[in-house]
Amino acid sequence: MSILLTGGLGYIGSHTAVELLEDGREIVIIDNLSNSNIEVKDKIEKIVTDKYAKNMKVVVGDVRDEKLLEQIFSENDITAVVHFAGLKAVGESVEKPLEYYDNNINSTTSLLKVMKKFGVKNFVFSSSATVYGRAKSMPIYEDFEIGATNPYGRTKLFIEQILQDIYVSDKTYNIAILRYFNPIGAHDSGLIGEDPNGIPNNLLPYVAKVATGKLEVLSVFGDDYDTKDGTGVRDYIHVVDLAKGHLSALKKLEENCGLKIYNLGTGVGYSVLDIVEAYNKVCGGKVKYKFAPRRPGDIDVCYANADKAFKEMGWKAERDLENMCMTSWKFENNK
Ligand code: NAD
Ligand code: WQD
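**Q** I'm lost on the overall build of the chain in this one. Help?
**A** The helix and strand tally for the chain stands at eleven helices and 14 strands. In terms of principal-axis extent, the alpha carbons of the chain reach across some 55 × 45 × 40 Å. Taken across its 335 residues, the chain has 55% of its residues classed as buried. Nonlocal contacts in the chain, meaning residues at least 24 apart in sequence, comprise 80% of its contacts between residues at least 6 apart. Carbon and sulfur atoms make up 49% of the accessible area of the chain, which totals about 14900 Å². For the chain, the distance from the average site of its 41 positive side-chain charges to the average site of its 47 negative ones is 1 Å.

**Q** Whenever I open this one, the pattern of salt bridges confuses me. Can you help?
**A** When their charged atoms lie close together, side chains carrying opposite charge are able to pair. With the rule as written, the count across this model stands at 24 salt bridges. Taking the shortest distance from any N to any O, the salt bridge between Arg 25 and Glu 254 comes out at 2.7 Å. Here Arg 25 is found in the loop between helix 1 (11-22) and strand 2 (26-31), whereas its partner Glu 254 is found in the loop between helix 8 (239-253) and strand 11 (259-264), with 229 residues between them in sequence. Taking the shortest distance from any N to any O, the salt bridge between Glu 332 and Lys 335 comes out at 3.2 Å. Taking the relative accessible area as the measure of exposure, Glu 332 reaches 6% and is therefore buried.

**Q** Mind showing me how you'd approach the packing of aromatic side chains here?
**A** Centre-to-centre distance and the angle between the planes together describe a pair of aromatic rings. Tallied over the entire structure, the rule returns six aromatic pairs. Taken together, a centroid distance of 5.9 Å and an interplanar angle of 40° make the contact between Tyr 141 and Phe 144 tilted. Since its relative accessible area comes to 38%, Tyr 141 is described here as partly exposed. Over the ring of Tyr 225 we find Arg 294, and its NZ or CZ is 4.0 Å from the ring centre. The lysine or arginine in question, Lys 308, covers the ring of Tyr 262, its NZ or CZ lying 5.3 Å from the ring centre.

**Q** How should I be thinking about the packing of helix 7 (residues 203-211) against helix 9 (residues 272-283) in this particular structure?
**A** For any two helices packed against each other, one specifies the inter-axial angle together with the distance between the axes. For the pair helix 7 and helix 9, the least separation of the axes is 11 Å and the interaxial angle reads 40°. Looking at the two axes, helix 7 sits oblique to helix 9. Crossing handedness for the pair helix 7 and helix 9: right-handed. Together, Leu 203, Leu 204, Val 207, Ala 208 and Ala 211 of helix 7 and Val 272, Ile 275, Tyr 279 and Cys 283 of helix 9 make up the contact between the two elements. Its residues placed into classes, the contact of helix 7 with helix 9 shows nine nonpolar, no polar and no charged.

**Q** Looking at this model, I keep getting lost on the site of ligand 1. Mind explaining?
**A** The immediate surroundings of ligand 1 are formed by 28 residues, with Asp 31, Asn 35, Lys 88, Asn 103 and Tyr 152 found nearest. In the model, an oxygen atom of ligand 1 is placed 2.8 Å from a nitrogen or oxygen of the Ser 36 side chain. Within the contact set of ligand 1, an oxygen atom lies 2.8 Å away from a side-chain nitrogen or oxygen of Lys 88. Its free accessible area being 820 Å², ligand 1 has 95% of it covered by the protein chains.

**Q** What exactly am I supposed to notice about unusual backbone geometry here?
**A** Phi is mostly negative for residues that are not glycine, and the peptide bonds are mostly trans. The residue after Met 138, namely Pro 139, is reached through a cis peptide bond having omega -5°. Tracing the backbone shows Pro 139 in the loop between strand 5 (122-128) and helix 6 (151-169). With phi around 65°, Leu 33 is a residue other than glycine that occupies positive phi space. Inspection of the secondary structure assignment puts Leu 33 in the loop between strand 2 and helix 2 (39-53). Here Thr 49, not a glycine, exhibits a phi torsion of approximately 65°, which is positive. For Thr 49, a relative accessible area of 43% corresponds to the partly exposed category.

Reading the values: the criteria
- Residues numbered from 1 in each chain as written.
- Chains lettered and ligands numbered in written order.
- Predicted model: local features only at pLDDT ≥ 70, side-chain atom pairs only at ≥ 80, totals over all residues.
- Heavy atoms only, no water.
- Helix = DSSP H or I, 4+ residues; strand = E, 2+ residues; numbered from the N terminus.
- Buried < 20%, exposed > 50% of the residue type's maximum accessible area, 1.4 Å probe, protein only.
- Contact = heavy atoms within 4.5 Å.
- Areas by Shrake-Rupley, 256 points an atom, 1.4 Å probe, with all protein chains shown as cover.
- Lys, Arg positive; Asp, Glu negative; His and termini not counted.
- Charge placed at Lys NZ, Arg CZ, Asp CG, Glu CD.
- Salt bridge = Lys/Arg side-chain N within 4 Å of Asp/Glu carboxyl O.
- Phe/Tyr/Trp six-rings, centres within 6.5 Å; stacked < 30°, edge-to-face > 60°.
- Lys NZ or Arg CZ within 6 Å of the ring centre and 35° of its normal.
- Axes fitted to C-alpha atoms, helices over the stretch in contact; angles between N-to-C directions.
- Parallel < 35°, antiparallel > 145°, perpendicular 65-115°, else oblique.
- Left-handed = near helix turned anticlockwise from the far one by under 90°.
- Nonpolar A, V, L, I, M, F, W, Y, C, P; charged D, E, K, R; others polar.
- Near = heavy atom within 4 Å.
- Polar contact = N/O pair within 3.5 Å; in protein donor to acceptor, adjacent residues only side chain to side chain.

None of the figures reported here should be taken as evidence of function without further support.
Following this line, the structure appears as structure tokens:
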């Protein structure tokens, strides 16, 4: 019995691979390396040691390639799929919407078609807090209205809708839609973490590069939001906590739970300046910053209510901001 992880060599997928292997599961990863590196395979093997490393197969290829998927499903006893593969940069999605619709939507429909052919009905999907758009109040609950503000977010919305339609057509599916808040941090080993190509768009990878001197100064986008210090507030969650959330979701699917939607966040909001302060504590004050205009499309505050995931799956985030910054810093120095 194997679990297929699409995009399993990426940031969240690789941490989830470690958690599943250490739980004694067999996994197959498919990744086209468009935003990852084959060396991540060796790093996962090193973390989990030989005892579990033998339970992982890696296929380099595209999830839109249905022939390849059919080969994977016929050669392995796949019982569930965790679908991470996708493009995820909001700004890029505005410039290249077709690439986002093609990659994110078509990979999902290809996967679902092949799953149907092989009678596999357990599916975990990487959705995002971005589907809440500008929520009317905080914290955000799963039953809040959803609506996207950019092509990336719309791919997540459409896929959520596709999954709802599939479930309506066949109630024997078990589907977990996981809406991640802001994943940061790295594995304790310092071997895997977030390693974007070029200049990072997201806060933590940018902060990490300023701390190592690869970038000069962090621009803090906006100092006049309606928050405690005027800077944007987000629900940052440790990537290892998030990875464990996938194991909990897979266990939930094994109970034949039907379609479920869960927020995966901590329920706590931190400002950009909180992050700078916490990072400076672990790196020795190397993060210089300056204030810059607001980034178009940004919202002031976003944090989850994650009680449903705790009540129904027994999952909650355990790690604090210091650990998120410490592991990120360890990974950054290990690269
Ligand atoms: P990532 O880019 O590190 O990982 C995605 C992986 O998928 C990469 O290894 C990439 O090479 C692979 N991939 C992309 N398209 C593919 C395709 N067509 N076929 C095969 N492989 C393909 O991103 P991540 O941060 O690990 O995110 C994983 C998922 O979680 C994505 O769907 C993303 O939209 C979602 N998500 C991420 C965040 C975040 O802030 N990181 C937040 C919410 C949701
Ligand atoms: C966080 C805060 C910025 C960079 C994005 C996607 C979302 C999800 C997670 C995938 C904000 C501020 C940032 C910088 C800054 N991804 N900032 N200087 O925008 O909350 O969410 O990633 O689903 O869909 O939109 O994350 O890390 O970009 O920004 O001041 O150089 O840091 O303004 O307040 P965001 P982020």
